Amino acid sequence: MNNIKKISCFGAGYVGGPTMAVFASKHPQIQFTIYDIDKQQIEKWQQSETLPVFESGLSLLLEETRNKNLSFTSDINEALDEVDIIFLAVNTPIKQSLSKKESYCFDIKYIEACTRSIAEYFDLKKLNRIVTLVEKSTVPVLTSKHIYEILQENQKIYKQYIYGILFKNTRSAINDLLNPERVIIGGGNSPEEQNSTNMLKELYEKWVNKDKIILTNLVSSELSKLVSNSFLAQRVSSINSITALCEATGANIEEVKKCIASDSRIGSKFLNCSVGFGGSCFKKDVLGLAYICESRGLTEVADYWKQVVKMNEYQKSRFSKLIIEKMYNNLDDKIITIFGVSYKKNTNDCRDSASITVASELLKEGAVLHIYDPLAKFESMKKEMQRQEIWKDCYDAKIKFFDDGESASINSHAIVILTEWDDFKQCKYERMFKKMKRPSFIFDGRNLLNREEIEQIGYAYVKLG
Ligand code: NAD
């Protein structure tokens, strides 16, 4: 295989770690090195008990590969020595200074920083060979051009080529990586660039069918990532907007969904209503798309996409208000049990989780929160609330995490389901009811439970649509 001996990845986060673990399991003859500037993050990856990312199947892959052909380091020299391909999987958050305004742009300072350190390393070592650089981070369109300019500025003496790659991202990360619906590789037309494209293509062909690998130019691949996620987010916002209309008219969202999903042009995928989408990608990618439109003078197009995010904010706030109103506008010192803080099931990732927004609204009303999430922990919730600048010191005493739903619900006035974990369908709601305060509410932000069964127990059951 094109004599690839070593692949390194900058960024040991939710994307870098699982991606390299899958690659390493598929290519035992290649050495994979994951580098991060955060030493603590690297230490966590080095031991099974402290992994910073929980994704089903990840531990097994790491057992297979770690200390064999997969290593973690915070030493940049170790990452770049003899490397053939470098993946950039560093974070590209929404720019903080703009986060309070209506339009947003990506902060590419981490991409710039690692590109500069890569360029410096190769300048210093006077290396003259081709290294392929892969953009795995989500970036504004034309970042590839900017990266190229930085490398030129540093008078680098090696050639580099950049690619954007993306996967279907709807189930679990490992499952998506092992069974991608498609892999997109963006590249240039020169013989060297095509050689790099082929190298990447061959890497994937070890486990991905040729037909699923789509080759495009660089800009198209960068834009595709934003557009794919924006279309998915738009679908969630569309169905969520209809839940509000169902509640206002007496229609039933499940029936409406069944009717529209039977139209094969619409289909049934991504049509579950919810308290709102979350995660590090959807909001950021939609706003990133809107920002590019705005910067090109396409105001109407930008406004169209921004509405997808506005609808999502509306849904979160609508659901919080519904809880407060149904509980007679008095949550003062009432215990509310929250089921789920991660943004979707089977992950501990709390970034931009709709649950955190709702939890914060309930805390503002004086509620005490008992939380059960199969994977996410207090520290991740606190970190995310601090990032969003909605954390208050008094919350340390107002939020308590539990190991199971039943213990969490004792003495609470309401259970609020905010993540679609399968666990929450199996809970013993009848037993829990006996130890809760009256009236006992269940607010189902994922429409997971069966209304008849829950109401028969005695709960006041409120769901979407
Ligand atoms: P993350 O925050 O979990 O991890 C990023 C890591 O990069 C952090 O550990 C950070 O310390 C590290 N880092 C920052 N600057 C660095 C530097 N100069 N050198 C080395 N390490 C550095 O982020 P994530 O969820 O893993 O996402 C990473 C990127 O991937 C984001 O841009 C995200 O939008 C994108 N993404 C891409 C896809 C895809 O399929 N292409 C899918 C999801 C997310």
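Per an unreviewed UniProt entry, the protein chain goes by UDP-glucose 6-dehydrogenase and derives from Tetrahymena thermophila. Quoted verbatim from the Catalytic activity (unreviewed entry) field of UniProt, the annotation for the protein chain is "UDP-alpha-D-glucose + 2 NAD(+) + H2O = UDP-alpha-D-glucuronate + 2 NADH + 3 H(+)". Database annotation for the protein chain, UniProt heading Pathway (unreviewed entry): "Nucleotide-sugar biosynthesis; UDP-alpha-D-glucuronate biosynthesis; UDP-alpha-D-glucuronate from UDP-alpha-D-glucose: step 1/1."

Caption draft 1: Molecular detail of the pairing of strand E12 (residues 414-417). The alternating pattern of E12 places Ala-414 and Val-416 and Ile-415 and Ile-417 on opposite faces, both of which are buried. Across four bridges, the pairing between strand E9 (residues 335-339) and E12 is parallel. Bridging across to E12, Thr-337 finds its partner in Ile-415. Where E12 and strand E13 (residues 441-444) come together, four bridges link them in parallel fashion.

Caption draft 2: Highlighting the sheet that holds E13. Pairing is parallel across the open sheet formed by six strands, whose spatial order is E11-E10-E9-E12-E13-E14. Bordering the open sheet on either side are strand E11 (399-402) and strand E14 (460-463), each of which pairs with just one other strand. When strand polarity is set aside, the average angle formed by the axes of neighbouring strands in this sheet is 20 degrees. When strand E10 (residues 368-372) meets E11, the two strands line up parallel, connected through four bridges. Across the sheet, residue His-370 finds its bridge partner in E11, namely Lys-400.

Caption draft 3: Focus on the domain arrangement of the protein chain. Domain annotation of the protein chain identifies domain 1 (6-216) and domain 2 (219-465). Between the C-alpha centres of domain 1 and domain 2 the distance comes to 31 Å. Between domain 1 and domain 2, the residue contacts involve 26 residues of the former and 24 residues of the latter. Counting residues per element, the ones that place at least two in the side of domain 1 that touches domain 2 are helix H6 (143-153), strand E6 (160-164) and strand E7 (183-186). Broken down by element, the side of domain 1 that touches domain 2 gets its largest block of residues, three residues, from E7.

Caption draft 4: Highlighting the pairing of E7. What you see with E7 is no split at all: Val-183 and Ile-185 on one side and Ile-184 and Gly-186 on the other are buried throughout. The pairing of E7 with strand E8 (residues 213-216) spans four bridges and is parallel. Within the sheet, the bridge partner assigned to Ile-184 lies in E8 and is Ile-214. For the crossover that starts at E7, traverses helix H8 (residues 191-205) and ends in the parallel E8, the hand is right-handed.

Caption draft 5: Quick look at the site of the ligand. Not every one of the 29 residues close to the ligand is listed here, only the nearest: Gly-11, Gly-13, Val-15, Ser-137 and Thr-138. Here the residues of the shell around the ligand sort into 15 nonpolar, ten polar and four charged. A domain split of the shell around the ligand shows at least three residues from each of domain 1 (6-216) and domain 2 (219-465).

Caption draft 6: Region of interest: the packing of helix H11 (residues 282-295) against helix H12 (residues 299-326). For the pair H11 and H12, the least separation of the axes is 8 Å and the interaxial angle reads 165 degrees. Relative to H12, the element H11 lies roughly antiparallel. Once H11 is placed against H12, the crossing between them reads as left-handed. When H11 is examined against H12, the residues Lys-283, Val-286, Leu-287, Leu-289, Ala-290, Cys-293 and Glu-294 are found in contact with a partner set consisting of Thr-299, Val-301, Ala-302, Trp-305, Lys-306, Val-308 and Val-309.

Caption draft 7: Representation of the packing of helix H9 (residues 218-249) against helix H10 (residues 253-261) within the structure. In the contact formed by H9 and H10, the axes pass within 10 Å of each other and the chain directions differ by 135 degrees. When the interaxial angle is binned, H9 and H10 end up oblique. The hand of the H9/H10 crossing is right-handed. Listed contacts from H10 to Ile-239, Ile-242, Thr-243 and Cys-246 of H9 are Ile-253, Val-256 and Lys-257. Of the residues belonging to the contact of H9 with H10, the class tally is five nonpolar, one polar and one charged.

Caption draft 8: The nonpolar core, seen in detail. Counting residues in each nonpolar core, the largest one holds 68 residues, and the members touching the most others are Val-286, Ile-338, Leu-362, Leu-369 and Val-416. Broken down by element, the residue count for this core peaks at seven residues, all from H11. Among residues more than four places away in sequence, those in contact with Val-416 are Ile-323, Ile-336, Thr-337, Ile-338, Phe-339, Val-358, Phe-443 and Gly-445. The next biggest cluster of nonpolar side chains, apart from the first, holds 50 residues, and it includes Ala-21, Ile-34, Val-53 and Ala-89.

Caption draft 9: Spatial organisation of the UniProt feature "active site" (unreviewed entry) in the protein chain. Annotation from UniProt places "active site" (unreviewed entry) at Cys-281. The residue Cys-281 is located in the loop between H10 and H11 in this model.

Caption draft 10: Representation of H8 within the structure. The end-to-end C-alpha distance of H8 is 20 Å, a good match for the 21 Å that 15 residues give at a rise of 1.5 Å each. Those residues of H8 lying buried are Ser-196, Thr-197, Met-199, Leu-200 and Leu-203. The buried side chains of H8 occupy one side of the element, clustering within an arc of 155 degrees when seen end-on.

Caption draft 11: Examining the environment of Pro-93 more closely. By secondary structure assignment, the location of Pro-93 is in the loop between strand E4 (85-88) and helix H5 (109-124). Along the sequence, Pro-93 and Thr-138 sit 45 residues apart, while their C-alpha atoms lie 9.2 Å from each other.

Thresholds, definitions, all that
Residues numbered from 1 in each chain as written. Predicted model: local features only at pLDDT ≥ 70, side-chain atom pairs only at ≥ 80, totals over all residues. UniProt positions renumbered as here; feature names shortened; annotations may be inferred. Buried ≥ 20, exposed ≤ 12 C-beta atoms within 10 Å, placed from the backbone. Helix = DSSP H or I, 4+ residues; strand = E, 2+ residues; numbered from the N terminus. Pairing = 2+ DSSP bridges. Axes fitted to C-alpha atoms, helices over the stretch in contact; angles between N-to-C directions. Domains from an automatic or database assignment. Contact = placed C-beta atoms within 7 Å. Right-handed = clockwise from strand over helix to strand, strands pointing away. Near = placed C-beta within 6 Å. Nonpolar A, V, L, I, M, F, W, Y, C, P; charged D, E, K, R; others polar. Parallel < 35°, antiparallel > 145°, perpendicular 65-115°, else oblique. Left-handed = near helix turned anticlockwise from the far one by under 90°. Core = buried A, V, L, I, M, F, W, Y, C linked by C-beta atoms within 7 Å. Expected span 1.5 Å × (residues − 1). Arc of directions from axis to C-beta.

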